[in-house]
Amino acid sequence: MNLRLKNAISNRKKDLIILLVLLLMPVFLNVIHFEYAFTIVSFIFIYIIAVSGLDIVFGYSGQISLGHAAFFAIGAYGSAILHKYTHIPVILTMIIAAFLAAVIGAGLAYPASKLVFHFLSLATIAFGEIVYQLVAQSPYDITGNFTGFFTDSVSIFGYKLNTYSKFYYFGLFSVLIFLLMKNNLIKSKVGRAFIAIRENSHAADGMGINVRNYKILAFAISAFFTAFAGGMYAHCVKFISPDTFMYKQSVMFLTMLLFGGTASRFGPIYGAVSVLILNEALRATEKYQLLIYGVLLLIVIVVLPGGLYGAYQDVAVKFKKKGVNKC
């Protein structure tokens, strides 16, 4: 019991130190005049939320999805269009679009809940392609089609977050809220049901867990996370076009998750940070992005099956064992 308490206190201290560093980071970046870093960090915040959503459906409930770019698009276009035609505050349109995506995600999961492995992945790919075609060739040109259209920035009590540096704290606050929501979900009865379904759906069904309903719920929650991230993206960049929501975006989400580590609190964070930084470093090779992501996935699956976070935990356990042996 004492060991658990010590570990809990140690983890809290680490979390507080990380939070303090993140809160003070803008001051440091302004001092060194490295404003481009705000752009990268803003995208990292957005992708952490999106990948955390994918982790709920893939990492915790064991359902393969290669169409999460569709929910990202629904959040982005849904929020932007709602604000454009109704003038509802951006914060509210982002939440409304996320709920809309959750409903659509549940609708997709209802017939797809019986599918497994490659059949489910093919269904999600098809869904992603349908949404892409709808935003690229929309009725009455409502989405701007391939031309795209400009969006408004997030506004809080009349204060517009129209630069990446201003968007920083909103992104950080959003990440903290969504990670807290995910953490509480996984520790709840619902989260335990997700894990039971992932491990053995037949055994979970035998224990009285309604497998179909929980799979639908996992997809709905996952869609909500990813769509909200899509809304953040639309109002952070202030311009959206179909190119952002192609199949390669879904591959990028999955790469981030597998690279960071599935079914973990910090896996999506590790994955979003590492892959985005790598993406920036390899920007000149944009044509070969899918190839690079494919190679990364192979490396992770073969060398680091637990992702970067899993590798970090393994190293930490080895050091602890060495320390105990020395004592």
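Higher on the page you've got the structure.
Since this is a predicted model, take the numbers as computed values, not measurements.

### Topic: the overall build of the protein
Argument step 1. A tally of helices and strands in the protein yields 13 helices and 4 strands.
Argument step 2. Taken against the 2.2 N^0.38 rule, which gives 20 Å for 327 residues, the C-alpha radius of gyration of the protein at 20 Å falls within 12% of a compact globule.
Argument step 3. If you line up the protein on its principal axes, its C-alpha atoms span 70 × 55 × 40 Å.
Argument step 4. A buried classification covers 47% of the 327 residues belonging to the protein.
Argument step 5. Taking all contacts inside the protein whose residues are at least 6 apart in sequence as the whole, residues at least 24 apart take part in 76%.
Argument step 6. About 17,300 Å² of surface is accessible on the protein, with carbon and sulfur atoms providing 69% of the total.
Argument step 7. Positive and negative side-chain charges in the protein, numbering 26 and 12 respectively, have mean positions lying 13 Å apart.

### Examining the pattern of salt bridges
Argument step 1. Under the defined criterion, the tally for this structure stands at 3 salt bridges.
Argument step 2. One salt bridge connects Lys 160 with Asp 152, and the closest N-O pair in it is separated by 3.1 Å.
Argument step 3. When its relative accessible area of 26% is taken as the criterion, Asp 152 is described as partly exposed.

### Brief notes about the packing of helix H2 (residues 36-60) against helix H6 (residues 164-187)
Argument step 1. With their axes 8 Å apart at the nearest point, H2 and H6 run at an angle of 15° to one another. As the angle between them shows, H2 and H6 are arranged roughly parallel. In the crossing of H2 with H6, the sense of the turn from one axis to the other is left-handed.
Argument step 2. Looking at the contact of H2 with H6 residue by residue, the classes come out as 18 nonpolar, 6 polar and 2 charged.

### Quick look at helix H3 (residues 68-86)
Argument step 1. Spanning 19 residues, H3 covers 27 Å between terminal C-alpha atoms, matching the ideal 27 Å at 1.5 Å per step.
Argument step 2. Burial of H3 is extensive: 15 of the 19 residues sit out of reach of the surface.
Argument step 3. Downstream of H3 by a residue or two, His 87 has a phi angle that is positive, lying close to 60°.

### So, the packing of aromatic side chains
Argument step 1. Tallying each qualifying case throughout the model produces 23 aromatic pairs.
Argument step 2. With a centroid separation of 5.3 Å and an interplanar angle of 65°, the aromatic rings of Phe 45 and Tyr 168 are classed as edge-to-face. You can see Phe 45 sitting in helix H2 and its partner Tyr 168 sitting in helix H6, a full 123 residues away along the chain. As far as burial versus exposure is concerned, Phe 45 and Tyr 168 are alike and both buried.
Argument step 3. Following the ring pairs from residue to residue traces out a cluster consisting of Phe 43, Tyr 47, Phe 72, Tyr 77, Phe 149, Tyr 164, Tyr 233, Phe 245 and Phe 253.
Argument step 4. Seen from the ring of Tyr 110, Arg 212 lies directly overhead, with NZ or CZ sitting 4.1 Å from the centre.

### Examining the packing of H2 against helix H7 (residues 189-199)
Argument step 1. Two elements in contact, H2 and H7, have axes separated by 8 Å at closest approach and are oriented at 45°. Classified by the interaxial angle, the pair formed by H2 and H7 is oblique. Mapping the contact onto sequence places Ile 56, Gly 59 and Tyr 60 in H2 and Phe 194, Ile 195 and Arg 198 in H7.
Argument step 2. Of the residues in the contact of H2 with H7, the class split is 4 nonpolar, 1 polar and 1 charged.

About the criteria used
- Residues numbered from 1 in each chain as written.
- Predicted model: local features only at pLDDT ≥ 70, side-chain atom pairs only at ≥ 80, totals over all residues.
- Heavy atoms only, no water.
- Helix = DSSP H or I, 4+ residues; strand = E, 2+ residues; numbered from the N terminus.
- Rg over C-alpha atoms; globule rule 2.2 N^0.38 Å.
- Buried < 20%, exposed > 50% of the residue type's maximum accessible area, 1.4 Å probe, protein only.
- Contact = heavy atoms within 4.5 Å.
- Areas by Shrake-Rupley, 256 points an atom, 1.4 Å probe, with all protein chains shown as cover.
- Lys, Arg positive; Asp, Glu negative; His and termini not counted.
- Charge placed at Lys NZ, Arg CZ, Asp CG, Glu CD.
- Salt bridge = Lys/Arg side-chain N within 4 Å of Asp/Glu carboxyl O.
- Axes fitted to C-alpha atoms, helices over the stretch in contact; angles between N-to-C directions.
- Parallel < 35°, antiparallel > 145°, perpendicular 65-115°, else oblique.
- Left-handed = near helix turned anticlockwise from the far one by under 90°.
- Nonpolar A, V, L, I, M, F, W, Y, C, P; charged D, E, K, R; others polar.
- Expected span 1.5 Å × (residues − 1).
- Phe/Tyr/Trp six-rings, centres within 6.5 Å; stacked < 30°, edge-to-face > 60°.
- Lys NZ or Arg CZ within 6 Å of the ring centre and 35° of its normal.

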